[in-house]
Amino acid sequence: MRAVAYKVPQPISAETSLIDVDLPVPEAKGRDLLVEIRAVSVNPVDVKVRAGVAPTSEELKVLGWDAAGVVKAIGPEVTLFKVGDEVFYSGVISRAGTNAEFHLVDERIVGHKPKSLGFASAAALPLTSITAYEALFDRLRVHDPVPGAARAVLIIGGAGGVGSIAIQIARALTDLTVIATASRPETSAWTQELGAHHVIDHAQPIAAQVTALGLGDPGFVFSTTNTDQHIKEIVDVIAPQGRFALIDDPKMLDIMPFKRKAASIHWELMFTRPLFGTPDMIEQHKLLEKVAELVDAGKIRTTLSETLGPINATNLKKAHAMIESGRTKGKLVLEGF
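Structure report, in brief.

When you go through the protein chain residue by residue, the secondary structure sums to 10 helices and 16 strands. The C-alpha atoms of the protein chain give 20 Å as radius of gyration, which agrees with the globular expectation for 337 residues (20 Å, within 12%). Within the span of the protein chain, comprising 337 residues, buried residues form 54% of the whole. In the protein chain, 70% of the contacts between residues at least 6 apart in sequence involve partners at least 24 apart. If the 35 positive side-chain charges of the protein chain are averaged to one point and the 39 negative ones to another, these points end up 3 Å apart.

Have a look at this one:
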């Protein structure tokens, strides 16, 4: 089968940073589905792994987590899907990735593709939807109010992949006032289109802008990017006893200033459940089914912003370079081989 892989971590500008390869088709066992990949999207995690994680021994490492496709075979223990089902999902970081014609994935982290979306539009959703959903409901527990706080969530990086879907999920499933940050006219417009009640500029002091809205201190803050640059503003703006979640990898994170407000800090990593095989791993299947329902009901839309062509090394290198620029909005997708 055709696939895209790498042998050693290199800058994306290097000729062999990603290469086209031919690999054996894997076999579905246990609770695995063998999925014929129709479309994939590219996330910051793809870039981080490619740039910094060396494959073991002489192996080729296939990246890619977001995918949409068709079930071609099932393991003997599969109960949730059948051959021919159209699915969407994000794999697990400890297994081979989705940048290949066929891919193995545990059924407990897979959802049925939204009926109203094509494969490219669906592939833009899984990783970011899982991340946003888990951050809002499992980490921040936004249905549990913070006493005295504004019923509001501040989403830092509202135009990125995760921010773009977090805005929509918060609007569709909660009564929260959604405050999103963006720093350019096009990204500000994008976050407003997705449903943010208020958009502020994260290139300017955040706390003063939130105060000026007159809502009070938000009980929840969700930071998707550049957390270390915004940490003082987050401390200032969050309500006493508020909850703060983050997903990025700050080089330094001093959480001591949060002590005075007794704020709780939560990491969200959507790979955790499948990586450790937690007893509630099937919650990712359930939440993807919920996301598909919301999409088909017209309450959430895809965050696909650009389709870059078929899945090959040339197009994936272009996508990685665009992600590294830090100036993308929504999701970048590749479709077909």
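With that settled, consider the packing of helix α1 (residues 44–52) against helix α10 (residues 313–324). As a packed pair, α1 and α10 sit with axes 9 Å apart at the nearest point and diverge in direction by 100°. Overall, the two elements α1 and α10 adopt an arrangement that is roughly perpendicular. Facing α1, whose interface residues are P44, D46, V47 and R50, α10 presents H320, I323 and E324. By residue class, the composition of the contact of α1 with α10 is three nonpolar, one polar and three charged.

In this structure, the largest pocket occupies an estimated 1,400 Å³ of space. Lining the largest pocket we find 46 residues, and of these P44, K48, T224, T225 and D248 sit closest to its centre. Residue assignment for the lining of the largest pocket shows that the elements contributing at least two residues are α1, α3 (126–139), α4 (161–173), α7 (227–237) and α10. For the lining of the largest pocket, the leading source of residues is α1, giving four residues. Looking at side-chain class alone, the lining of the largest pocket contains 16 nonpolar, 20 polar and 10 charged residues.

What follows concerns the environment of R2. Mapped onto the fold, R2 is located in strand β1 (residues 2–6). Note on R2: relative accessible area 43%, which makes it partly exposed. With 251 residues separating them along the chain, R2 and L253 place their C-alpha atoms 41 Å apart. For R2, the contacting residues outside a window of four places in its chain are V21, D22, A100, E101 and F337. Within polar-contact distance, the side chain of R2 engages the backbone oxygen of F337 at 3.1 Å.

Once that is clear, we can look at the sheet that holds strand β4 (residues 61–62). The strand order β2-β1-β4 describes an open sheet built from three strands, whose pairing is antiparallel. The strands lining the two open edges of the sheet, one partner per strand, are β2 (19–22) and β4. Here β1 pairs with β2 via four bridges, running antiparallel. Across the sheet, A5 pairs through a bridge with I19, a residue of β2.

What tends to happen in soluble globular proteins is that the nonpolar side chains get buried as a cluster. With 83 residues, the main nonpolar core has L18, L33, F88, Y89, L136, I169 and L334 as its most contacted residues. Among the elements that make up this core, the one with the highest residue count is α3 (seven residues). Discounting residues that sit within four places of it in the chain, I169 has contacts with S129, A132, Y133, L136, F137, T174 and I300. Membership of the second largest hydrophobic core comes to 19 residues, among which are I206, V237, I238 and F258.

Moving on: α7. The complete set of buried residues in α7 reads T227, H230, I231, I234, V235 and V237. Down the axis of α7, the sector holding all buried residues measures 155°, keeping them to one side. Opposite the buried face of α7, by more than 90 degrees, sit the exposed residues Q229 and K232. Those residues of α7 that are buried lie in contact with β9 (150–156), α6 (206–212), β12 (218–223) and β13 (243–246).

Scanning the entire structure with this criterion turns up three aromatic pairs. Each ring, one from F244 and one from F258, has its centre 5.4 Å from the other, and the planes form 15°; the classification is stacked. Separated by 14 residues along the polypeptide, F244 in strand β13 and F258 in the loop between β13 and β14 (264–267) bring together distant segments of the chain. Taken as a pair, F244 and F258 share a single burial class, namely buried. Taking the ring centre of F119 as reference, the NZ or CZ of K113 above it sits at 5.1 Å.

Taken in spatial order, the six strands of this open sheet run β11-β10-β9-β12-β13-β14, and their pairing is parallel. Two strands bound the open sheet, and with one partner strand each, they are β11 (198–200) and β14. Here the average twist between neighbouring strands, direction ignored, is 20°. Bridge analysis of β9 against β12 gives five bridges, and the strand direction is parallel. Pairing of L154 across the sheet is with V221, part of β12. Its contacts with the sheet put α4 on β9, β10 (177–181) and β12, and the angle it makes with β10 is roughly 170°.

Definitions and cut-offs
Along each chain, the written sequence defines residue order, and numbers are assigned to residues from 1. Totals for whole chains, interfaces and linings use every residue, but because this is a predicted model, local features are given only for residues with pLDDT of at least 70 and side-chain atom pairs only at 80 or more, for both listing and counting. Water and hydrogen atoms were dropped before computing side-chain values, which therefore reflect all heavy atoms in the structure. Note on conventions: DSSP H or I runs of at least 4 residues are helices, E runs of at least 2 residues are strands, and numbering of each starts at the N terminus. Between the two quantities, the radius of gyration covers C-alpha atoms and the globule rule is 2.2 Å times the number of residues to the power 0.38. The rule is simple: take the accessible area with a 1.4 Å probe, protein chains only, and divide by the maximum for that residue type; under 20% is buried, over 50% is exposed, in between is partly exposed. What makes two residues a contact is simply this: any of their non-hydrogen atoms within 4.5 Å. Charge convention: Lys and Arg are scored as positive, Asp and Glu as negative, and His as well as the terminal groups of each chain are ignored. Charge coordinates come from a single atom per side chain, which is NZ of Lys, CZ of Arg, CG of Asp or CD of Glu. To get an axis, fit a line to the C-alpha atoms, keeping to the stretch in contact for a helix; angles then go from 0 to 180 degrees between the N-to-C directions. Each angle gets one of four labels, with under 35 degrees taken as roughly parallel, over 145 as roughly antiparallel, 65 to 115 as roughly perpendicular, and the rest as oblique. As a working rule, the residues Ala, Val, Leu, Ile, Met, Phe, Trp, Tyr, Cys and Pro are called nonpolar, Asp, Glu, Lys and Arg charged, and the rest polar, with Gly in that last group. Cavity: a set of points on a 1 Å grid over the protein atoms alone where a 1.4 Å probe fits but cannot get out. Pocket: an open set with protein on both sides within 12 Å along at least five of seven lines, its lining residues, like those of a cavity, having an atom within 4 Å of a point. Grid points are joined across faces, edges and corners, and a volume is the space filled by probe spheres set on the points. Polar contact is the term for a pair of N or O atoms within 3.5 Å; when the atoms are in protein, one must be able to donate a hydrogen and the other to accept it, and sequence-neighboring residues count only if both atoms are side-chain atoms. Between any two strands, at least two bridges found by DSSP are needed for them to pair. Joining through side-chain atoms within 4.5 Å is the link that ties buried Ala, Val, Leu, Ile, Met, Phe, Trp, Tyr and Cys residues into a set, and such a set is a nonpolar core. As used here, the arc is the angular range of directions from the helix axis to the C-beta atoms. Only Phe, Tyr and Trp rings take part, Trp by its six-membered ring, and two of them pair if their centres are within 6.5 Å. Stacked means planes under 30 degrees apart, edge-to-face means over 60, and tilted covers everything else. Look at NZ for Lys and CZ for Arg. If either is within 6 Å of the ring centre and within 35 degrees of the ring normal, a charge sits over the ring.

Nothing here speaks to function; it is all geometry.
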